[in-house]
Amino acid sequence: MMGIVSLVFLLAGLLFPSPPLNAQSDDPITIGTITGQIQAPNSFLPFTEYLESRLPEHEFEVEGFSTIDALIRAVKDEAVDLAFITPVALAELNLEGELRVLATITQPAGETFSPWLAGTVFTRSSKTDIQTMADIRGRKVIALSELALGGWLSAVRDWQELGINIESDLESVDFQFSYESVIDSVCSGASDAGVIAANTFQNLASRCEESLKILPPAMETGNIDYPLAHSTRLYPEVAFTLAGSNNETFVRDITRAILDIEPGSDIARSVNIGGFTAPLPYTEVGLLMRELRLGPFASVGELTLRQYLDNNIYAVTLALILIIVLISAGLLNSLSLSHKFRNSENYRKSIFEGSHIPMVIVDQHQRTFIDMNIAAVKQYGYQNKDELIGKSLTELSAPDQDINSSIADAFEQYTNKVLTTGRATFEWWHVRPGGEKWLAKIHLMAFESVDGLRIQSTVEDITKQKQREEERSQLEQQLEFSQRMESIGRLAGGIAHDFNNLLTVINGYSEILLEDTPKNEPVARILEQIKKAGNRAAELTQKLLTFSRRQAVHPVPVSLGMIVEDSAEMIKSVLGESIALEVELQDADKKVFADPGQLQQVLLNLVVNAKDAMPDGGDLKITCRESIVSPREASSLEIEAGPYIEMIVSDNGIGMDANISKHIFDPFFTTKDTGTGLGLSTVYGIIQQSLGTIRVNSEINKGTTFSVYLPETDVEQEIQEAEELLINPELKSLSIMVVDNEKEINEYTSSILQKAGHQVIAAESGLEALDLIASLEVPIDLLVTDVVMNGMRGGELAELVSKQYPDIPVLYISGYPEDALALHGIQRGTESFLAKPFSPGQLLNRIHQIIKNPSLA
Ligand code: ADP
Ligand code: MG
């Protein structure tokens, strides 16, 4: 039973700054011990009741701890006042601070009780090849536990003195934390010899049918009178120590009380001991520990393999991984096992240093960098390690992160997470010394290093990846938006088209009725209302038609800057006094190809919205400038790359959130009580038709910026290009009749044709054209006419002209989309058609085609 006790009582206590035990205290005096499976807690009762009868002013309790560590913690936390402490733990602790031993316990030994313990090394009596302790070389040995004094350490010390190294000289060592198993293993022959405390051996030897023998001691055991056969030197038993108090009265009383306990009595047996005796010297235990380099002596020399593993589990795990890698590389043959272990640190280092993955080691307390590889130094934008060591992640952070808390809080949170859960991953914006911002994905991992917990951090630069992701999602959103606008446009356009027809009838008849009704009749007022409502409906329909791009356009080369300038006075009067207007015009000579009236409509809609967004006044800025759109920007803007004129209308009003800005271009979407929701949809339609695009940027309470991009046009250059294309001997100078009642378009078209070397006869109406043709001396080769004109329409004119020139080719130009032209009697395919807006090149090309192949026209 002695072995049981030495283990069960293996405990420690150290450096207790203890408050004096208060005699009047209500708190019971706690005695710490370790509970084995054999001991039920209430069986301590005889012991505590005895103490209470001897020290009636105190209550006692025995507290059993299931592990040594738990008891040690309790001793250090002063959660116990007295404790049973094993010799090994005591010797170790006494190096740091003297622990007061009140008594040494005794255990049954033969017929008597002894405060000494010793180990036995035993084997089967039939094993004649093992006679002495020295014969253990090359044998298979089994023992109780590597921490048991009688059951292992005492033997190890004596062997060491005989020059036997248990790691290299024994064939194997096996530990079985069961006395019976140790005996049985030797008995069955599975082990050659066993180590167990002498008193345990005495109790259990009879288990084995074959007789067992104990090897005689190799060392001098002195003149101590120990009754049992044993193989090792003798050591004192478990100490009963004072863990909490230096109250001398209490110390004297308790010591007297325990020394008075009858050896072998129920009181003693209730705490699993034989009895108590005056304290023995524990010097021999200290010597053992020093020689075996245990506990605080561990660092004096090499450790046992087991201890090495315990202390270096991280490095060893890494080394094992490396060994596996090496095996597969076929390199293992050249390396012995121990060699690999010795070099594992080198491998670890070279993997760390040589890796192209940036890695940093972070101190768990300061949370600063204590080491890193070259890849990390480069990644952070530094030249060498020294510049980075001692820095913390927060110092390298960019000021704005995608986090809710402050940088310091977030960082604290991540490091706490890694220290509690072992891992943490997060994204973090950094800034390099040069100011460059970059985004990292950081993987934190906690590991146990030789000198405490550390955090390893791998740092992956994901700036580009993130950028691509964002671009992609932006493109997706953009695509979704334009698809939505496209389908809404079709729907709105279809409805508007039908409404237009219905309104023509409604408005037409209400007008006729109104004319036929005397003004003083009551029904006249009603008709008046119908007509008004009908007109208003027609206006709305026009807007819808614009949105769906079914509105006629009359595009010409025009300067956006000039339009802004011309509208400035009107804008000021719209804005009123409380809004300051700033206009900045650059590159005003650069032109776009668009309908000036529509551009003005765009500008006005944006200005009116800005005004509505600044009910309490504010600043409105309108900027026009040239902007070269790169191929990359072009794809995200969904336009072609090249030179654009950008018009920016920017206010500092109420702004809008993402939910609103998603829908602002939808027809009828409005957040205003009296809004129509058609302003921006009209703007959108116009800009799309002019091959441009519009972008919005808004922030609640900060303001809104609309940017309109329209492609720049260079008339001179286009004509020149077209002319080069037209250098063709068979294409003589033609005489062309141009008819358009839109003066600007007329001039634009004529000037293109003239510049290309043609003779142009221009007319602003069908009738004028017919007159001119009649008076002409030279025949005309081609008629270019607008489709929808006041008075005579393009179709009618062509028909009349063809009476005089039966084969004359006709080119219709129109602001109406082709499908709308059927309304005006133009059949696609039988006549040539060119949609406005057209560029000079497109016009000249089309004419070229017609002349070469008149059947087209
Ligand atoms: P309406 O002006 O009739 O409401 P719009 O199509 O012009 O219709 O605008 C649609 C919606 O877009 C507005 O109701 C408003 O919510 C939002 N909006 C447009 N421009 C601005 C702006 N400059 N600031 C804030 N919100 C705006
Ligand atoms: Mg509006």
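Along every chain, residues carry numbers that run from 1 in the direction the sequence is written. Lettering of chains starts at A and numbering of ligands starts at 1, both following the order in which they are written. For a predicted model such as this one, the threshold for reporting local features is a pLDDT of at least 70, and the threshold for listing and counting side-chain atom pairs is 80 or more; totals across whole chains, interfaces and linings nevertheless cover every residue. The basis for every side-chain value is the complete set of non-hydrogen atoms in the structure, without hydrogens or water.

Draft legend 1. Main features of the sheet that holds strand S15 (residues 369–372). Within the open sheet, the 5 strands sit side by side as S15-S14-S18-S17-S16. Their pairing is antiparallel. Pairing within the sheet leaves two strands with one partner each, and these edge strands are S15 and strand S16 (423–431). Taking each pair of neighbouring strands and ignoring which way they run, the sheet shows an average axis angle of 30 degrees. Two strands pair under a simple rule: DSSP has to find at least two bridges between them. Secondary structure elements are taken from DSSP: a helix is a run of H or I of four residues or more, a strand is a run of E of two residues or more, and numbering for both begins at the N terminus. Bridge analysis of S16 against strand S17 (residues 437–449) gives 9 bridges, and the strand direction is antiparallel. Each residue of the ladder has a partner; that of Arg423, found in S17, is Met445. The contact criterion used throughout is that any non-hydrogen atoms of two residues lie within 4.5 Å. Between N-to-C directions, angles cover 0 to 180 degrees, with each direction set by a line fitted to C-alpha atoms, over the stretch in contact for helices. Running at roughly 150 degrees to S16, helix H16 (residues 407–421) makes contact with S16, S17 and strand S18 (452–461) of the sheet. Of the strands in this sheet, S16, S17 and S18 are in contact with helix H17 (residues 463–516), which crosses S17 at around 125 degrees.

Draft legend 2. Spatial organisation of the packing of aromatic side chains. Working definition: a ring pair exists when centres of Phe, Tyr or Trp rings (six-membered ring for Trp) sit within 6.5 Å. Plane angles under 30 degrees give stacked, over 60 give edge-to-face, the rest tilted. Applying the stated criterion across every chain, the model contains 18 aromatic pairs. Consider the rings of Phe240 and Phe276, whose centres lie 5.4 Å apart with planes at 65 degrees: the pair is edge-to-face. Here Phe276 lies in strand S13 (residues 275–277) and Phe240 lies in strand S12 (residues 239–242), a separation of 36 residues in the sequence. Pair check on accessibility: Phe240 and Phe276 agree, each one buried. Remark: exposure states derive from per-residue accessible area (1.4 Å probe, protein chains only) relative to the maximum for the residue type, with buried under 20%, exposed over 50%, and partly exposed in between.

Draft legend 3. Spotlight on the site of ligand 1. Around ligand 1, a shell composed of 19 residues is seen, among which Asn609, Asp651, Thr670, Thr671 and Lys672 lie nearest. By the criterion applied in these results, polar contacts are pairs of N or O atoms within 3.5 Å in which, for protein atoms, one can donate a hydrogen and the other can accept it, and in which residues neighboring in sequence qualify only through two side-chain atoms. Interatomic distance of 2.9 Å between a backbone N/O atom of Thr676 and an oxygen atom of ligand 1. If ligand 1 stood free it would expose 520 Å²; the protein chains cover 94% of that surface. Every element with two or more residues in the shell around ligand 1 is listed here: helix H20 (596–613), helix H23 (679–689) and strand S25 (703–713). Ranked by the residues each element gives to the shell around ligand 1, the list is headed by H20, at 3 residues. Each residue is tested against the molecule or strand, and it is near if at least one of its non-hydrogen atoms lies within 4 Å. Values of accessible area rely on a 1.4 Å probe in the Shrake-Rupley scheme; residue burial ignores everything except the protein chains shown.

Draft legend 4. Summary view of the pairing of S25. Here S25 lies mainly inside the structure; 9 of its 11 residues are buried. Taken together, the 2 bridges between strand S21 (residues 591–594) and S25 define a ladder with antiparallel strand orientation. Looking across to S25, one finds that Lys591 is bridged to Thr713. Pairing analysis gives 8 bridges linking strand S23 (residues 642–651) to S25, with the strands arranged antiparallel.

Draft legend 5. Looking closely at the pattern of salt bridges. Any Lys or Arg side-chain nitrogen located within 4 Å of an Asp or Glu carboxyl oxygen qualifies as a salt bridge. With the rule as written, the count across this model stands at 28 salt bridges. The salt bridge involving Lys385 is made with Asp371; its shortest N-O contact spans 3.0 Å. Taken together, the positions of Lys385 in helix H15 (residues 385–388) and Asp371 in strand S15 put the pair 14 residues apart, joining distant regions of the chain. Residue Asp371 is classed as buried on the basis of its relative accessible area, which comes to 19%. Ionic pairing is found between Arg625 and Glu646, a salt bridge with its closest N-O pair at 3.3 Å.

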